[in-house]
Structure formats: structure tokens, C-alpha cells
Amino acid sequence: MKKKILACLLILFPIFSLGIAKADTVKSKYIIASDSSFAPFVFQNSNNEYTGIDMDLIKAIAKDQGFEIEITNPGFDAAISAVQAGQADGIIAGMSVTDARKATFDFSDSYYTANTILGVKESSTIASYEDLKDKTVGVKNGTASQTFLTENQSKYGYKIKTFSDGSSMYDSLNTGAIDAVMDDEPVLKYSISQGQKLKTPIAGTPIGETAFAVKKGTNPELIQMFNKGLANLKANGEFQKILDKYLASGAATTSTITVDETTIWGLLQNNYKQLLSGLGITLALALISFAIAIVIGIIFGMFSVSPYKSLRLISEIFVDVIRGIPLMILAAFIFWGIPNFIESITGQQSPINDFVAGTIALSLNAAAYIAEIVRGGIQAVPVGQMEASRSLGISYGKTMRKIILPQATKLMLPNFVNQFVIALKDTTIVSAIGLVELFQTGKIIIARNYQSFKMYAILAIFYLVIITLLTRLAKRLEKRIR
Ligand code: ASN
């Protein structure tokens with residue numbers, strides 16, 4: 001009997017240890033962050049559910065190893081930040097294992113290999129990297145493809161435009177705002193197989209193995225469970241089934257380099273040029289859009305106190321509509337929506353420059369508030385003055401110019417200064433359309449070195465100094481005008 005039990009144990013032990021190996025869970029639930037659109041690894045199906053190789057894989061592994069997961073899909077860049085900030089325990093997002101990343105992440109065994117590859121529209125004449133001179137190539141922030149583009153930029157002379165998610169990048173390629181994109185080969189090939197009118201004129205370059213990752217030194221059991229689960233799924237054929245469900249193949253491995261950016265000084269030293277150019281864009285955006293907004297705002301503000309009802313109505317509609325739409329949506333509408341609409345009617349691509357789109361959005365937004373400041377200022381001047389002046393036979397226009405406006409302007413000035421500060425801060429919002437102003441510049445730097453605390457502190461100080469200086473200047477001007 002004893003011998004039989006022993007024999008049974010001897011047979012079962014290897015099965016247990018190989019066939020259904022398990023590691024211990026520590027947390028009751030693990031939060032896993034992922035990309036928002038990176039088909040076939042992760043993407044939303046028509047039911048708005050996230051599916052794809054990575055989603056199926058992590059769910060199958062969790063089931064196999066008996067741990068609970070909650071998945072979030074904020075986008076690659078944001079997912080990386082979430083893991084680094086401890087908001088998530090792990091990241092699965094077709095993530096390439098690079099030497100640079102090994103400094104801040106612990107990786108699981110690899111489950112795929114991928115190249116980075118250039119994608120252009122089917123009609124494009126771009127056939128080599130040399131053809132990219134002075135062209136704009138889109139790439140997702142914080143990705144291995146971005147590292148590849150940055151490393152080869154001086155060699156080929158293209159411009160790089162960074163996006164926080166794949167969908168806005170592909171949208172920009174489709175509307176013609178950019179000339180090419182750089183993305184993982186299986187992803188581009190998959191989108192082509194799904195009917196996107198794109199092509200890949202140049203062979204891909206290896207960027208590394210694809211693996212699951214946790215923040216360096218944290219959740220070691222999660223990596224263990226992932227590896228054991230992956231091995232089990234490979235052994236029982238389930239892994240192959242998941243792959244087959246979505247695609248075919250890719251290839252090879254390599255790595256990338258980084259510079260030391262762990263101190264504020266190092267960060268400034270390595271990035272001051274980028275930061276200054278971002279600051280330049282921020283200032284240009286704020287100043288130009290504010291100048292335009294003052295003109296539009298004064299016009300609508302005057303309309304709102306006009307004796308004509310139709311003008312008052314026009315002004316009211318303008319203010320209500322613009323104030324009722326979030327600035328980010330306004331910018332996205334101008335940058336993506338309108339070109340898409342024009343193309344659907346005329347069949348002609350009419351991309352709008354991101355700076356122009358950002359300036360229009362900011363101008364309209366600030367104009368609505370300025371119109372209200374102007375209305376408030378004029379209405380604050382006692383009505384008796386207008387009545388008295390009109391009863392003396394002085395015209396409406398003259399009364400406005402000579403009596404009401406000089407007093408109203410004094411009342412409005414502090415509000416104008418305030419509105420300018422708001423406009424300057426609002427420039428950060430239009431980074432959503434891929435405009436590399438100061439904030440986006442900072443995000444790009446963080447996506448590379450993960451120094452979010454120091455980098456955001458630097459950004460905050462930049463804004464603080466600029467806004468303080470400009471408000472001082474504005475106050476001086478205000479005094480002079482008074
Ligand atoms: N392959 C990309 C990278 O590791 C990941 C992604 O874009 N989701 O950089």
C-alpha cells in the first residue's frame with residue numbers, strides 16, 4: 001500500500017510541478033495597465049471591450065495561476081507612468097524589452113518578438129528612410145519606435161511628432177497631418193490586414209522581445225506567476241491558440257542606450273534645448289491666441305450690450321456655445337474633426353497644422369470669456385450716464401467711446417490680466433492634439449527617463465516663473481493705461 005502511494009506521488013509530483021505549476025499570490029487583486037489601441041495586442045472590439053493577444057494572455061495566466069486582475073487601458077505612455085507611479089502593478093502592452101527599460105522595469109519571460117517598421121499611406125511615394133527628409137513621422141510617446149526615430153533623426157532629417165495614443169497617431173496619418181508613422185510591425189501589418197490603406201515600404205528593424213513588466217523591485221511574485229502561467233499555457237497549447245486567434249509572426253532582438261538623467265541638473269543639461277523650444281511654442285500660442293481673442297472678444301462684448309436685439313442674441317449664442325464646449329474637444333474638433341468632415345465631402349485631404357488648430361481653439365475659448373469681461377465692464381458703468389448723454393443729443397457710438405468705454409476699460413483691465421494667465425495655462429490642454437509645447441515636451445522627456453517628479457517640478461517652475469514675469473509686466477502696463 002505504502003509503495004503504491006509513494007509510486008502515485010512520484011508520478012503525480014512532476015505533473016504537478018510541471019503541468020500546473022503555481023506561484024503564490026500576495027495581493028488580493030493586481031492592477032494591470034495596458035495600451036489603449038495596439039491591435040492585435042490590445043484593442044477595443046465593437047462592444048467596447050478590450051481584447052487582443054495581451055488581454056487574452058493576461059486573463060488566461062491569471063486564471064491558470066489563480067490570481068485576480070483588474071485591467072486599465074490608459075495608453076502606452078500613461079500605462080508606463082502608472083506602473084512607475086505605483087498606480088498599477090504590472091504592464092502588458094506589446095512592450096519591448098530594452099536595456100534602457102531594464103533599469104526601471106523587471107520583465108517576465110518573453111512571449112513575442114517584434115520589429116519597428118515605417119508605415120505610410122498606400123498612395124505615398126516614400127520608399128526609403130532617405131525619402132523622409134523634412135517629412136513628419138508620427139510615433140507614440142515613450143515607445144521603442146520613438147527611441148529608434150530619435151536615434152536616427154539627424155541621419156535622415158525628418159521631423160518627429162509624438163502622440164499619446166495610437167488612434168490619434170493613425171488619425172493624423174489618415175488626415176495627412178503627418179507623412180508616416182513608426183510602429184511595431186505586427187501592429188501595422190494587422191491594421192493593413194484589417195483594411196487600412198497603408199503600406200510598409202522599408203523592412204522592419206528589431207526592437208526586442210515582447211514581455212510583461214513590473215516596476216523594478218516590486219511585485220516579484222507577479223513576474224513568477226506570469227512566467228509559470230505562460231509556461232503552462234505554452235505546454236497545453238492555449239498560448240498558440242491565442243496567437244492563432246489574432247495573427248502570424250515577427251522577429252529578433254536588440255537594445256537601446258540612455259543618458260544619465262536622474263538629477264534635476266542632469267535633466268536640464270540634457271533637455272534644455274527641447275524645453276526652451278517647448279516654451280517658445282507655449283508663449284507663441286498664448287500671445288497670438290490672446291491677441292486674436294481680444295479682438296473677437298471685444299466685438300462680441302460690444303454686441304452683447306448693443307441696443308439691437310439680433311446682435312445681443314448672436315453674442316449670447318457665441319458665448320454659450322464656446323463656453324459650453326471643453327477646450328480639449330474644441331481643439332480635437334478643429335484638428336481632426338473638421339479635416340475629416342471636409343475630406344468626406346470633397347474627397348480631398350485638407351489637414352490643418354497643429355499650431356494653427358491650437359491657436360484657433362485657444363482664441364475662440366478666450367474670446368468667449370473676454371466677451372463676458374467686456375459686457376461686465378460696460379454694464380458696471382451706471383446706466384444713468386448713457387441716459388444723460390443720450391438726452392443731451394450725443395450719439396450712442398460717441399457716448400460709448402467718450403464716456404462709457406474709458407471707465408469700463410479701467411474696470412476690465414485686471415480681468416484681462418487674469419484671462420491671459422488662464423490662456424497661458426490652457427495651452428497645456430492643446431497638447432492633446434500632439435502639439436509639442438512645454439507640457440508635451442516634458443511628457444516626452446518623462447516617457448524616456450521616467451523622472452516624472454523632477455521633470456514635472458521643472459515644468460511647474462517654468463510656468464510659475466513665466467506667469468509671474470508676465471503678470472508683473474501686465475500690471476505695469478495696467479498702471480500706465482490708468
Ligand atoms: N512596442 C511598444 C514599445 O515597447 C509598445 C507599444 O507601443 N504598446 O515601445
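Residues numbered from 1 in each chain as written. Predicted model: local features only at pLDDT ≥ 70, side-chain atom pairs only at ≥ 80, totals over all residues. Heavy atoms only, no water.

Some details on the pattern of salt bridges
Scanning the model with the defined rule gives 10 salt bridges in all. Residues E70 and K29 are paired through a salt bridge, measuring 3.5 Å at the closest nitrogen-oxygen approach. Remark: K29 occurs in the loop between α1 (2-19) and β1 (30-33) and E70 occurs in strand β4 (residues 69-72); sequence separation between them is 41 residues. Residue class for K29 comes out partly exposed when judged on its relative accessible area of 40%. Salt-bridge contacts for D35 lead to K140; the nearest nitrogen and oxygen are separated by 2.6 Å. Of the two residues, D35 sits in the loop between β1 and β2 (43-44) while K140 sits in strand β7 (residues 136-140), which places them 105 residues apart along the sequence. Each of R323, E372 and R375 takes part in a single network of salt bridges with overlapping partners. (Salt bridge = Lys/Arg side-chain N within 4 Å of Asp/Glu carboxyl O. Helix = DSSP H or I, 4+ residues; strand = E, 2+ residues; numbered from the N terminus. Buried < 20%, exposed > 50% of the residue type's maximum accessible area, 1.4 Å probe, protein only.)

Regarding the side chain of K161
Tracing the sequence through the fold places K161 in strand β8 (residues 159-163). Its relative accessible area of 6% is what places K161 among the buried residues. At 2.4 Å, the side chain of K161 forms a polar contact with the side chain of D354. Aside from chain neighbours lying at most four places away, what touches K161 is T136, V137, G138, V139, I178, F335, D354, I433, G434 and L435. (Polar contact = N/O pair within 3.5 Å; in protein donor to acceptor, adjacent residues only side chain to side chain. Contact = heavy atoms within 4.5 Å.)

What about the side chain of T51?
Checked against the element boundaries, T51 lands in strand β3 (residues 50-51). Look at T51 and you get buried, because its relative accessible area is 16%.

Considering the domain arrangement of the protein chain
Parsing the protein chain into structural domains produces domain 1 (27-111 + 209-245), domain 2 (112-207) and domain 3 (262-478). The straight-line distance from the C-alpha centre of domain 2 to that of domain 3 is 33 Å. Contacts between the two partners involve 14 residues from domain 2 and, on the opposite side, 15 residues from domain 3. Of the roughly 1,100 Å² buried between domain 2 and domain 3, counting both surfaces, carbon and sulfur atoms make up 49%. Across the domain 2-domain 3 interface, the total number found is one salt bridge. One salt bridge connects K161 with D354, and the closest N-O pair in it is separated by 2.4 Å. The tally of links from domain 2 across to domain 3 stands at three residue pairs in polar contact (both at pLDDT 80 or more). Here the side of domain 2 that touches domain 3 gets five residues from one element, more than from any other, and that element is helix α6 (residues 166-175). Split into classes, the residues belonging to the side of domain 2 that touches domain 3 amount to two nonpolar, nine polar and three charged. (Domains from an automatic or database assignment. Buried area = accessible area lost by both parts, 1.4 Å probe. Nonpolar A, V, L, I, M, F, W, Y, C, P; charged D, E, K, R; others polar.)

Section: the site of the ligand
In the vicinity of the ligand, the contacting residues are D35, F38, F76, A93, G94, M95, S96, R101, K140, T143, A144 and D184. A distance of 2.7 Å is found between a nitrogen atom of the ligand and a side-chain nitrogen or oxygen belonging to D35. Relative to its free-state accessible area of 280 Å², the ligand is covered by the protein chains to the extent of 100%. Structurally, the ligand is housed in the largest cavity. Classifying every residue of the shell around the ligand gives five nonpolar, three polar and four charged. Looking at which domains feed residues into the shell around the ligand, each of domain 1 (27-111 + 209-245) and domain 2 (112-207) gives three or more. (Near = heavy atom within 4 Å. Areas by Shrake-Rupley, 256 points an atom, 1.4 Å probe, with all protein chains shown as cover. 1 Å grid on protein atoms, 1.4 Å probe; cavity = no way out; pocket = protein on both sides within 12 Å on 5 of 7 lines; lining within 4 Å. Sits in = over half its atoms within 2 Å of the grid points.)

Some thoughts on the packing of aromatic side chains
This structure, assessed with the given rule, holds 16 aromatic pairs. Measuring from ring centre to ring centre gives 5.9 Å for F43 and Y190, while their planes differ by 45°; the resulting arrangement is tilted. With F43 in strand β2 and Y190 in helix α7 (residues 185-193), this residue pair connects regions lying 147 residues apart in the sequence. Of the two residues, F43 and Y190, both sit in the buried class. Considering the side-chain rings of Y156 and Y158, the 6.5 Å spacing of their centres and the 20° angle between planes classify their relative orientation as stacked. Pair check on accessibility: Y156 and Y158 agree, each one buried. (Phe/Tyr/Trp six-rings, centres within 6.5 Å; stacked < 30°, edge-to-face > 60°.)

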